[in-house]
Amino acid sequence: MPSSAPPAWTESGPASRFRLSAIACLIGLLFMPGCSSLSTRYARVDHSLLAGNPQQADRIIEQAEDEYGSVGRVLYRMDRGMTLHLAGRYQDSSTLLEEAEFEVEELYTRRVRTETKAFLVNDTLLPYEGEPYEQVMLNVLKALNYAVMGQWDDALVEARRIDQRLNLLADLAGDKDTYRDDAFARYLTGILYESTGDLNNAFIAYRKAYDRYQSARPWARVPPPPMLRADLLRTSEALGLTQEHEEYKQAFPGQSWEPTEKLRQFAQIVVIGYNGRAPHKEDQFIDLPISLDALRLVLMTKGALGRSNQDTRGAETLLYGLSGHVVRVALPKLVPHKTAIAYEEVTASGASGDYFARTELTQDIGALAAKNLNDRYAQIVRKAVARGAVKYALAEGVGQGARMAASGQGNQSVGPLIGLLVGALAHALAIGTEESDKRSWRTLPDEIQIARLWVPPGSYQVRVRPVNRSGAAARGPVQSVTLQAGETRLLTEQALP
């Protein structure tokens, strides 16, 4: 008796079901939200911050929480932790950053579970846990939140966490020349310790900061700030470290500084300047043809559409999918946003007179991001090439499997056509899902600068004026502060672009 099973090419046959499934996958791919919504979100955030409206920037991030998805919970808390900080909601900022830090620790033990899935599609399916320097910045930003609120004990807790995290990074790095320490984070902890009277820990932090500025200077692009030299001279003398003090005097000829005993009669104003915006990443597509016809197709496509980007991605997916002989590899490329701000002028005006200071560069986050990407680039390339090869092999297997399934049902004439169609869709899916992991903490600034100003006790109007690289100064905001002898007040200011 003839079989009652329907032919493979009908809508109930296995090959047809497979074909429909593949078509559905491709349609889903083509209508998936790409990185355009992400770019638009950050552009709106930048516009709000440039307009001096950090509250609006924070609302934009808050309303986009669902867009970050379950794999972007850490990144959402990072981004919003910064916008809340800029909006003056320091406690809310610390709460979110604390949650981000806890999630990072949790992800460290769960990452292996999603590695296989991400390998077959792309790394954006992995939960984002932040780059090492971003993880350090979680504690840095929390320390700044507490210091601005005058909660010095909590700020010191974060200072100790910074030290622990950096020591762990150094242990993991071993002898490799990777990001293993952070001069700015060390320097900030020194300021926190000295502001609370712990000169011993302050000196240790200052010394580590100076050593790291020196060792990382070739790639970090930040020399030891002059004020750090004064800090080392002051604290080494106050602690009676005669040998170290003499060594620093010889190393810093002509460096002016005030002894600790004299400064105790004064109050201190510390200004943290966030200048510019952090770099972002873009896809850099490398299309590898594995036949002469595919090479011609790639060259023609590049000639007609230009450099591959989000706008050309749909057309390339269809063309390369139909060819079936192109392997796409996506690698991240860092796009810097160098700030136009050279420094900030700080003026404190009070009954006792006017006092001036200029911020000094202490952190170049763009350099950190570049170093981090460079350290991992060989690993990223190997993984991307391997993923492209596996996805190509799987697409070939899917096409052959569909052809054999249809032919096995007695449809020799339809089998090759079904195999070609399903194979093309599978190759298109492999091409279309290929992208690099472009996620990063983009609400961070490009640079961080610090000014330290000692003034007699009293009430002051503090103005911070950004000065661009051509020497033009903006008006700058004014804050009122009242200080007692020995008190430290920490203020923050953001300047764009």
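Refer to the preceding data block for the structure.
These numbers come from a predicted model, not from an experiment. (Residues numbered from 1 in each chain as written. Predicted model: local features only at pLDDT ≥ 70, side-chain atom pairs only at ≥ 80, totals over all residues. Heavy atoms only, no water.)

## Remarks on the pattern of salt bridges
For step 1, the next point in the chain: Per the counting criterion, the structure on display carries 46 salt bridges.
For step 2, the next point in the chain: Across the pair D46 and R277 runs a salt bridge whose closest N-O atoms are separated by 3.0 Å. Here D46, found in helix α2 (residues 36–50), pairs with R277, found in the loop between β1 (267–275) and β2 (280–289); they are 231 residues apart in sequence, far enough to count as distant.
For step 3, the next point in the chain: Looking at R277, the relative accessible area reads 30%, which means it is partly exposed.
For step 4, the next point in the chain: Here E447 makes a salt bridge to K338, at a shortest N to O gap of 3.5 Å. In this pair, E447 is assigned in strand β7 (residues 447–455) and K338 in the loop between β3 (326–335) and β4 (341–350), connecting sequence segments 109 residues apart. (Salt bridge = Lys/Arg side-chain N within 4 Å of Asp/Glu carboxyl O. Helix = DSSP H or I, 4+ residues; strand = E, 2+ residues; numbered from the N terminus. Buried < 20%, exposed > 50% of the residue type's maximum accessible area, 1.4 Å probe, protein only.)

## Regarding the side chain of R41
For step 1, the next point in the chain: Along the polypeptide, R41 turns up in helix α2.
For step 2, the next point in the chain: Among the residues examined, R41 registers a relative accessible area of 7% and is labelled buried.
For step 3, the next point in the chain: A distance of 3.3 Å separates polar atoms of two side chains, one belonging to R41 and the other to E67.
For step 4, the next point in the chain: Apart from residues no more than four positions distant in its own chain, R41 is found in contact with I60, I61, A64, E67 and Y68. (Polar contact = N/O pair within 3.5 Å; in protein donor to acceptor, adjacent residues only side chain to side chain. Contact = heavy atoms within 4.5 Å.)

## Topic: the sheet that holds strand β9 (residues 478–483)
Two modes of strand pairing occur in sheets, parallel and antiparallel, and in both the strands are linked by backbone hydrogen bonds.
For step 1, the next point in the chain: Sheet architecture is open: 4 strands sit in the order β5-β4-β8-β9, paired in antiparallel fashion. Two strands in the sheet have a free side with no partner beyond their single neighbour: β5 (353–358) and β9. Adjacent strand axes in the sheet meet at a mean angle of 25 degrees, parallel and antiparallel pairs treated alike.
For step 2, the next point in the chain: Across 9 bridges, β4 lies against strand β8 (residues 458–468) in antiparallel orientation. Its bridge partner lying in β8, Y343 is registered against V467. (Pairing = 2+ DSSP bridges. Axes fitted to C-alpha atoms, helices over the stretch in contact; angles between N-to-C directions.)

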